[in-house]
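# Structural overview for review
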Amino acid sequence: MDVEALEREALKLSAEHRARLARELLDSLEDLSSDEIDRLWLREADHRATQIDTGEVQLISAEDVDQKASALLR
């Protein structure tokens, strides 16, 4: 079963079972070695850089984020 199929099936679970599964999956990440964590962060950084380069995502300035966050907190 590929990850997408597994995800579709997991999303069919009740909220209680999804929460339990999420906790188990997050807990399993605690056992990763430093090398594995570094490799995963590098992969994520590369993925995000590609998204920026292809225009899939738009960058938001820190100033805009600060203004939106301030507006939400009012």
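Refer to the structure above for everything that follows.
The paragraphs below set out a description of the structure included in this document. Source: prediction; values computed, not measured.

As a further point, take the overall build of the protein chain. Along the protein chain, the regular secondary structure elements total four helices and zero strands. Secondary structure elements in the protein chain, listed N-terminal to C-terminal, are α-α-α-α. Over its C-alpha trace the protein chain gives a radius of gyration of 18 Å, far above what one expects of a compact globule, namely 11 Å for 74 residues. Its C-alpha atoms give the protein chain principal-axis dimensions of about 40 × 35 × 25 Å.

With that out of the way, let us pick up the pattern of salt bridges. With the rule as written, the count across this model stands at two salt bridges. Two residues, R48 and E44, come together in a salt bridge whose shortest N-O distance is 2.7 Å. Here R48 and its partner E44 are both found in helix α3 (residues 34-54), four residues apart, which amounts to about one turn of the helix.

Time to look at the environment of L72. Assignment of secondary structure puts L72 in helix α4 (residues 62-73). A sequence separation of 21 residues divides L72 from Q51, and the C-alpha atoms of the two residues are 27 Å apart.

Here the focus is the environment of D2. Secondary-structure assignment places D2 in the segment before α1 (3-11). In this structure the C-alpha to C-alpha distance between D2 and K68, which are 66 residues apart in sequence, comes to 38 Å. At 2.8 Å, the side chain of D2 forms a polar contact with the backbone nitrogen of A5.

A contiguous nonpolar surface patch, about 240 Å² in accessible area, is contributed by L13, L21 and L25. Within the secondary structure, L13 sits in the loop between α1 and α2 (15-29).

When its relative accessible area of 29% is taken as the criterion, E44 is described as partly exposed. With 35 residues separating them in the primary sequence, E44 and E9 have C-alpha atoms 25 Å apart.

On the surface, E24, D27, E30 and D31 cluster together to form a negatively charged patch. Tracing the backbone through its elements, the reader meets E24 in helix α2.

Reading the values: rules and limits
- Residues numbered from 1 in each chain as written.
- Predicted model: local features only at pLDDT ≥ 70, side-chain atom pairs only at ≥ 80, totals over all residues.
- Heavy atoms only, no water.
- Helix = DSSP H or I, 4+ residues; strand = E, 2+ residues; numbered from the N terminus.
- Rg over C-alpha atoms; globule rule 2.2 N^0.38 Å.
- Salt bridge = Lys/Arg side-chain N within 4 Å of Asp/Glu carboxyl O.
- Polar contact = N/O pair within 3.5 Å; in protein donor to acceptor, adjacent residues only side chain to side chain.
- Patch = residues over 30% accessible without salt bridge, like charges linked within 9 Å, V, L, I, M, F, W, Y side chains within 5 Å.
- Areas by Shrake-Rupley, 256 points an atom, 1.4 Å probe, with all protein chains shown as cover.
- Buried < 20%, exposed > 50% of the residue type's maximum accessible area, 1.4 Å probe, protein only.
- Lys, Arg positive; Asp, Glu negative; His and termini not counted.
- Charge placed at Lys NZ, Arg CZ, Asp CG, Glu CD.

From the geometry alone we can't say anything about function, so treat these as descriptive.
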